[in-house]
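The lines below spell out each chain.
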Amino acid sequence: MRNKKVIAVSFFGWLTLLLAACVKQEVPAEARVPVLPESPYRYDTLPIDITFDPFGGHEIDNDVATLGRVLFYETQLSINNRVSCGSCHFQHLAFSDRTARSKGFLDRLTPRNTSPIVNVGLQEAFFWDLRQSELSDMVLDPIANHIEMGLEPRPYMLAKLKNLPYYAPLFAKAFGDSVITEDRVSDALEMFMRALVSVNTRFDIGRNTGFVHFTEEEELGRQLFFFKFPCSACHGGSELSGLSEAANVGLDMDYEDDGVAGIHESGDPLDGWFKIPTLRNIEFTAPYMHDGRFATLEEVVEFYNSGMQPHPQLSTMLREHTDGGFFSLGTPLGSQSALDPLGRQPLRMHMTPEEKRALVTFMKTLSDHNFIRDPRFSDPFVIR
Ligand code: HEC
Ligand code: HEC
């Protein structure tokens, strides 16, 4: 029994040493300390008056969110102390990454494009294949993930946090005593995710004023997005914060990544279906799509205009209407059948150059320039 323990300990010891030797550590862990405001930032307030609740009814506790912020930027939550959540989810990129696939703790690449994080209170399922519906479970997944942060098993994660002197007071403030548990780590990370609310955009302000301050091009783009082209049928839901539903948009005839089909055992025909992503802050989150294949918004618009493939699962929303008309709402999104019984061809939108420009300009009214600079969401660590 004793021997086994020694073997187990030395196995983890060796593994850590081996990893540390393989990978150059830029900053010794002891040198990184969080610097926080005297009284906690207010995460429970909104910068502008809006008609919806971007927290989705969840109470925001400022002390728990503060702890979550520190954990989000904590590199010790990866096995070799190199990677934090913030290493792939960059604030200045609206919590996405600039590359098609992100580098994990050993520089291995994630299989998909890093999702931005925004208004998660209005979403019910997470990841491109919607595989997680519980945000509190979801936030621990990347820590254990063998590509992202590689920190397993959980007791080892807790032991690492207990070794860092700044956590005891942060846990005490957040939860009443300084005990560090897995549930508290996930609650705090979840709270910080919920605090990442972005509503300070020309679009949201516009809604309060009847869009009178929109330029002509922005207004044209808005009309096209909501009324002429089918964009809002998918992207308009949950206050444009992304849907907990998925669709196949005909990127390929044969998808390399099965998407939602990969997590359904029932053999549902959900091949090539991916989460309908938010278009909030889309200006900052290039490259686009689940695999980051498009570098610019212009490329995405051209894809919808002329590039959709006749994949058998292509959404009925994106097929030619049988009477030659543009688009009809037809079946509601949630219950649309995967296969179009009429076998209609992919929609060709025949956009003019002016229309394409206007769509892109409109999408940029969804940018929240304060969100990507807000000190409440920034990396609190400094190097001493
Ligand atoms: C190595 C890069 C990397 C790290 C580190 C990382 N993530 Fe992610 N994150 C991703 C990728 C890639 C996806 C999309 C994965 C997928 O859909 O299969 C993602 C998706 C997400 C989503 C889903 C958003 C949505 O709209 O569905 C959230 C929330 C999230 N990550 C939070 C976190 C948290 C919290 C941490 C730290 C505990 C973290 N991430 C660490 C790369 C990373
Ligand atoms: C049938 C639902 C549907 C319709 C209609 C639709 N989209 Fe999408 N959109 C999606 C899905 C699903 C994705 C992700 C696809 C993937 O990665 O496989 C996506 C991705 C995008 C992205 C990239 C988002 C990112 O974070 O990478 C942009 C931009 C976009 N759509 C804009 C538009 C515009 C503009 C229109 C109208 C011309 C439109 N969409 C119509 C479902 C739809």
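Residues numbered from 1 in each chain as written. Chains lettered and ligands numbered in written order. Predicted model: local features only at pLDDT ≥ 70, side-chain atom pairs only at ≥ 80, totals over all residues. Heavy atoms only, no water.

Peer 1: Can you lay out the coordination of the iron atom of ligand 2 for me, pointing to particular residues and giving the numbers?
Peer 2: Here the iron atom of ligand 2 is held by the protein donor atoms His235 (NE2) and Tyr304 (OH), which lie 1.9 to 2.0 Å from it. One can describe the donor arrangement at the iron atom of ligand 2 as octahedral, given that its six donor atoms subtend angles of 83 to 180° at the metal. Residue His235 is located in helix α10 (residues 231-235), and its partner Tyr304 is located in helix α12 (residues 297-307); the two are separated by 69 residues in the primary sequence. Tyr304 carries the same exposure label as His235, and that label is buried. (Donors = N, O, S within 2.8 Å, 3.2 Å for Na, K, Ca; no water. Tetrahedral: all angles 85-135°; square planar, octahedral: opposite > 155°, others 65-115°. Helix = DSSP H or I, 4+ residues; strand = E, 2+ residues; numbered from the N terminus. Buried < 20%, exposed > 50% of the residue type's maximum accessible area, 1.4 Å probe, protein only.)

Peer 1: Quick rundown of helix α6 (residues 167-175)? Include the residues and the values.
Peer 2: Burial in α6 covers these residues: Tyr167, Leu170, Phe171 and Ala174. Mapping the buried residues of α6 onto a view down its axis gives an arc of 95°, with all of them on the same face. Against α2 (62-72), α5 (154-162) and α7 (182-195) lie the buried residues of α6. (Arc of directions from axis to C-beta. Contact = heavy atoms within 4.5 Å.)

Peer 1: Outline the site of ligand 2, listing residues and values.
Peer 2: Taken together, 24 residues form the shell around ligand 2, and within it Cys231, Cys234, His235, Met289 and Tyr304 come nearest. A distance of 2.7 Å separates an oxygen atom of ligand 2 from a polar backbone atom of Met289. In the environment of ligand 2, an oxygen atom lies 2.7 Å from a nitrogen or oxygen atom belonging to the backbone of His290. For the shell around ligand 2, the secondary structure elements donating two or more residues are α10, β3 (274-275) and α12. The residue inventory of the shell around ligand 2, partitioned by class, reads 20 nonpolar, three polar and one charged. (Near = heavy atom within 4 Å. Polar contact = N/O pair within 3.5 Å; in protein donor to acceptor, adjacent residues only side chain to side chain. Nonpolar A, V, L, I, M, F, W, Y, C, P; charged D, E, K, R; others polar.)

Peer 1: Describe the site of ligand 1, and please don't skip the residues or the numbers.
Peer 2: Around ligand 1 sit 26 residues in total, of which Cys85, Cys88, His89, Phe127 and Trp128 are the nearest. Between an oxygen atom of ligand 1 and a side-chain N or O atom of Arg131, the distance comes to 3.0 Å. For the shell around ligand 1, a count of residues per class yields 12 nonpolar, nine polar and five charged.

Peer 1: Could you give me a rundown of the packing of aromatic side chains, with the residues and numbers involved?
Peer 2: By the definition in use, this model includes 24 aromatic pairs. Between the aromatic rings of Phe72 and Phe95, the centroid separation amounts to 5.9 Å while the plane-to-plane angle is 75°, which identifies the pairing as edge-to-face. One end of the pair, Phe72, is in helix α2; the other, Phe95, is in the loop between α2 and α3 (135-138), with 23 residues separating them in the sequence. Of the residues examined, Phe95 reaches a relative accessible area of 0% and is grouped as buried. Among the aromatic residues, ring-to-ring pairing joins Tyr41, Tyr43, Phe72, Tyr73, Phe95, Phe192, Phe371 and Phe377 into one connected group. When the ring centre of Phe381 is taken as origin, the NZ or CZ atom of Arg32, which lies over that ring, is 4.2 Å away. (Phe/Tyr/Trp six-rings, centres within 6.5 Å; stacked < 30°, edge-to-face > 60°. Lys NZ or Arg CZ within 6 Å of the ring centre and 35° of its normal.)

Peer 1: Tell me about the packing of helix α9 (residues 216-228) against helix α13 (residues 353-363), and name the residues and values.
Peer 2: The N-to-C vectors of α9 and α13 enclose an angle of 95°; their axes lie 7 Å apart at closest approach. With respect to α13, the axis of α9 lies roughly perpendicular. Contacts from Glu217, Glu218, Leu220, Gly221, Arg222, Leu224, Phe225, Phe226 and Lys228 in α9 reach Glu354, Glu355, Arg357, Ala358, Leu359, Thr361 and Phe362 in α13. Counted by class, the contact of α9 with α13 contains seven nonpolar, two polar and seven charged residues. (Axes fitted to C-alpha atoms, helices over the stretch in contact; angles between N-to-C directions. Parallel < 35°, antiparallel > 145°, perpendicular 65-115°, else oblique.)

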